[in-house]
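Read off the chains here:
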Amino acid sequence: QVKFVESGGGLVQPGGSLRLSCAASGTIFFSIHAMGWYRQAPGKQRELVATISSGANTNYVPSVKGRFTISRDNAKKTVDLQMNSLKPEDTAGYYCNTDPARWDPWGQGTQVTVSS
């Protein structure tokens, strides 16, 4: 079945940057799916923060618009999230999946911690 491997998280100071990467496997139709990056902090609901369509149209939740950029490479079957001007409230585990989420199981995610 489909598998996602997220990487690139880490510990940064407010205002810093990280680039997350999601590598997908187990499908030969990656290019036709809209993909998204999700995040979940302890005690909070999972939130879709960025999405990119098969035609590379992008959408962002207002709290990250202008700071995050989602991109995809269909040949590599990857979806990246460039995160700039990071804030403490961005601290969460970050996961990738389709938009809407339909692939199971979710990956392990990658932890982003923004500390002041």
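Up top is the structure.
What counts and how
Residues numbered from 1 in each chain as written. Predicted model: local features only at pLDDT ≥ 70, side-chain atom pairs only at ≥ 80, totals over all residues. Heavy atoms only, no water. Helix = DSSP H or I, 4+ residues; strand = E, 2+ residues; numbered from the N terminus. Contact = heavy atoms within 4.5 Å. Disulfide = S-S within 2.5 Å. Buried < 20%, exposed > 50% of the residue type's maximum accessible area, 1.4 Å probe, protein only. Pairing = 2+ DSSP bridges. Axes fitted to C-alpha atoms, helices over the stretch in contact; angles between N-to-C directions. Phe/Tyr/Trp six-rings, centres within 6.5 Å; stacked < 30°, edge-to-face > 60°. Core = buried A, V, L, I, M, F, W, Y, C linked by side-chain atoms within 4.5 Å.

Enquirer: Would you mind showing me how to read the environment of tryptophan 106 here?
Expert: Within the element layout of this structure, tryptophan 106 appears in the loop between strand 9 (92-98) and strand 10 (110-114). With 105 residues separating them along the chain, tryptophan 106 and glutamine 1 place their C-alpha atoms 11 Å apart. Excluding its chain neighbours within four sequence positions, the residues that come into contact with tryptophan 106 are Tyr38, Arg46, Tyr95, Cys96, Asn97 and Ala101.

Enquirer: I tried to follow the state of the cysteines on my own but got confused; where do I start?
Expert: In a disulfide, the sulfur atoms of two cysteines are held together by a covalent bond. Tallied over the full model, the rule gives one disulfide. Sulfur-sulfur distance for the disulfide between cysteine 22 and cysteine 96 comes to 1.8 Å. Note on the cysteine 22 and cysteine 96 pair: the S-S dihedral is about 50°, so by sign convention the disulfide is right-handed. Here cysteine 96 lies in strand 9 and cysteine 22 lies in strand 3 (residues 18-25), a separation of 74 residues in the sequence. Relative accessible area serves as the criterion here: at 1%, cysteine 22 is assigned to the buried category.

Enquirer: Help me understand the sheet that holds strand 3, please; the structure alone is not making it clear to me.
Expert: Pairing between the strands of a sheet is mediated by backbone hydrogen bonds and can be parallel or antiparallel. As summarised here, the arrangement of the four strands in space is 1-3-8-7, forming an open sheet in which the pairing is antiparallel. Two strands close off the open sheet at either side, each with one partner strand: strand 1 (3-7) and strand 7 (68-73). Within this sheet the neighbouring strands show an average axis-to-axis angle of 15°, counted without direction. Sheet topology places strand 1 next to strand 3; five bridges connect them, and they run antiparallel. Looking at strand 3, one finds that serine 7 is bridged to serine 21.

Enquirer: Looking at this structure, how should I read the packing of aromatic side chains?
Expert: Pairs of aromatic rings are described using the distance from one ring centre to the other and the angle between the two planes. Overall, the coordinates contain three aromatic pairs when judged by the stated rule. Measuring from centroid to centroid gives 4.9 Å for phenylalanine 4 and tryptophan 103, while their planes differ by 20°, and the two rings are stacked. In this pair, phenylalanine 4 sits in strand 1 while tryptophan 103 sits in the loop between strand 9 and strand 10, placing the two residues 99 residues apart along the sequence. Residues phenylalanine 4 and tryptophan 103 agree in their burial class; the two are buried.

Enquirer: Where do I start with the environment of phenylalanine 30 in this structure?
Expert: With respect to the element layout, phenylalanine 30 can be found in the loop between strand 3 and strand 4 (35-40). Each C-alpha atom, one on phenylalanine 30 and one on threonine 69, is 19 Å from the other, the two residues being 39 residues apart in sequence. For phenylalanine 30, the residues in contact, after removing those within four places along its chain, are Ala24, Met35, Arg72, Asp73, Asn74, Lys77, Thr78 and Val79.

Enquirer: For this particular structure, what's the right way to read the nonpolar core?
Expert: As a rule of thumb, soluble globular proteins bury nonpolar side chains together. Counting 29 residues, the largest nonpolar core has Trp37, Leu81 and Tyr94 as its most contacted members. When residues of this core are traced back to their parent elements, those giving at least two are strand 3, strand 4, strand 5 (47-52), strand 7, strand 8 (78-83), strand 9 and strand 10. Take this core: its biggest share by element is four residues, from strand 3. When residues no more than four places from it in sequence are discounted, the contact partners of leucine 81 are Leu18, Arg19, Leu20, Trp37, Ala50, Phe68, Thr69, Ile70 and Tyr94.

Enquirer: So what exactly am I meant to see when it comes to the sheet that holds strand 5 here?
Expert: Taken in spatial order, the six strands line up as 2-10-9-4-5-6 in an open sheet, and their pairing is mixed. Single-partner strands in this sheet number two, and they are strand 2 (10-12) and strand 6 (58-60). The sheet shows a mean angle of 25° between the axes of neighbouring strands, direction not considered. In this sheet, strand 6 lies alongside strand 5 in antiparallel orientation, the contact comprising three bridges. Each bridged residue has a counterpart across the sheet, and for alanine 50 the counterpart in strand 6 is tyrosine 60.

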